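Spelled out from the first residue to the last, the chains are:
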Amino acid sequence: MNIIVKDLYFYYKEGEDVLKGINLEFDDRCTAIIGQNGAGKTTFVKLLKGLLKPKKGDIFIKGLNTKETTVAKLASIIGLVFQNPNDQIFKNKVLDEVMFGPLNIGQDKNLAFENAKKALELVALLQKADENPYDLTLSERKLISIASILAMDTDIIILDEPTIAQDFISREKIKNIIKKLKEEGKLVITITHDMDFVAENFERTIVFNQGQVLLDGPTKEVFSKEDILKTAHLEPPYITQLFKRLGFSETVLNLEEALNYKIL
Ligand SMILES: Nc1ncnc2c1ncn2[C@@H]1O[C@H](COP(=O)(O)OP(=O)(O)OP(=O)(O)O)[C@@H](O)[C@H]1O
């Protein structure tokens, strides 16, 4: 198992629990975590990454208890792409930025260079390697921040709101990156408010609500439970809702499924 979360509690201020008894296991399935603002999603992934430590309960990343493992050690196993690339980017050359992570976890210069090049190729921004990240568009900066994490070659990659401020082309790039990471056997977890993105790319969906897990299962199953989602102020993708309103019994997740739907 990649990640095991046992009876996890966390608060920033004593007496005001933000996470309340989370029990989860993560295998290799690409997993989306959804939930309304303040549900505890970002706090949860910061705990996975070891940036915060459980107040109660334990988290095991590839068998390592985050309470007993340094952030530096965890950084070679689990990468987190922040929601806002400006929180992550601080070098004034794209290549240096993307090489920083690999060098920081102990890769030698040649390997870090090769990994950075590979990651920039994957996000199709190798031609910008010598530019200043702050001369790029926000959408490109987001891709640079993704490349920085990919270059570290961690087994687990967490993407916090990857589709925010992304145009169609960048969205497609992100989709392809996730597909490629999945093929390489990596675990991809995302936090997102973008239900179409979840329906198109993620096999499993976990719904957080007020610091607890409300739903967890195959994405199709989760999006079929419209009434429960409503209690967390969430809605399935419009295409899913449309097919349901039209009276089709099977849950349709995306346009491709809709176009291939066989009416008996
Ligand atoms: N550094 C912090 N100090 C104090 N409280 C915090 C801190 N970070 C988050 N919180 C609080 O913890 C709760 C959960 O926040 P969190 O950011 O984990 O939720 P979220 O589900 O990721 O929300 P969003 O979708 O808006 O990113 C919120 O009530 C928030 O105000």
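None of these values were measured; they are calculated from a predicted model.

Side note on the nonpolar core
(1) Moving on: If you look at the biggest cluster of nonpolar residues, it comprises 70 residues, and the most contacted ones within it are Leu-48, Val-98, Ala-147 and Ile-158.
(2) Moving on: If one sorts the elements of this core by residue count, helix H5 (residues 138-150) sits on top with 6 residues.
(3) Moving on: Looking at which domains feed residues into this core, each of domain 1 (1-77 + 158-167 + 180-263) and domain 2 (88-153) gives three or more.
(4) Moving on: Those residues within four positions of Val-98 in sequence are excluded, and the remaining contacts are Ala-116, Ala-119, Leu-120, Ile-144, Ala-147, Ser-148 and Ala-151.

Some details on helix H1 (residues 41-48)
(1) Moving on: Taken together, the buried positions of H1 are occupied by Lys-41, Phe-44, Val-45, Leu-47 and Leu-48. When H1 is viewed along its axis, its buried side chains cluster within an angular range of 155° and face the same direction.
(2) Moving on: Count one or two residues on from H1 and you reach Gly-50, which has phi positive near 85°.

Digging into the sheet that holds strand E1 (residues 3-13)
(1) Moving on: Taken in spatial order, the 4 strands make up an open sheet running E2-E1-E4-E5, and their pairing is antiparallel. Strands with a single pairing partner mark the edges of an open sheet, and in this sheet they are strand E2 (16-26) and strand E5 (64-65).
(2) Moving on: Relative to strand E4 (residues 56-61), E1 runs antiparallel, the two being bridged by 5 bridges. Across the sheet, residue Val-5 finds its bridge partner in E4, namely Ile-59.

A word on the site of the ligand
(1) Moving on: Within the structure, the ligand sits among Tyr-12, Val-18, Gly-35, Asn-37, Gly-38, Ala-39, Gly-40, Lys-41, Thr-42 and Thr-43.
(2) Moving on: At 3 residues, H1 tops the list of elements feeding residues into the shell around the ligand.
(3) Moving on: Broken down by class, the residue content of the shell around the ligand amounts to 3 nonpolar, 6 polar and 1 charged.

Regarding the packing of helix H3 (residues 94-104) against helix H4 (residues 109-122)
(1) Moving on: One can describe the packing of H3 onto H4 by two numbers: an axis separation of 9 Å at closest approach and a directional angle of 125°. With respect to H4, the element H3 is oriented oblique. For the pair H3 and H4, the crossing hand works out as right-handed. Two secondary-structure elements touch here, H3 through Leu-95, Val-98, Met-99, Pro-102 and Leu-103 and H4 through Leu-111, Ala-112, Phe-113, Asn-115, Ala-116, Ala-119 and Leu-120.

What counts, and at which threshold
Residues numbered from 1 in each chain as written. Predicted model: local features only at pLDDT ≥ 70, side-chain atom pairs only at ≥ 80, totals over all residues. Core = buried A, V, L, I, M, F, W, Y, C linked by C-beta atoms within 7 Å. Buried ≥ 20, exposed ≤ 12 C-beta atoms within 10 Å, placed from the backbone. Helix = DSSP H or I, 4+ residues; strand = E, 2+ residues; numbered from the N terminus. Domains from an automatic or database assignment. Contact = placed C-beta atoms within 7 Å. Arc of directions from axis to C-beta. Pairing = 2+ DSSP bridges. Near = placed C-beta within 6 Å. Nonpolar A, V, L, I, M, F, W, Y, C, P; charged D, E, K, R; others polar. Axes fitted to C-alpha atoms, helices over the stretch in contact; angles between N-to-C directions. Parallel < 35°, antiparallel > 145°, perpendicular 65-115°, else oblique. Left-handed = near helix turned anticlockwise from the far one by under 90°.

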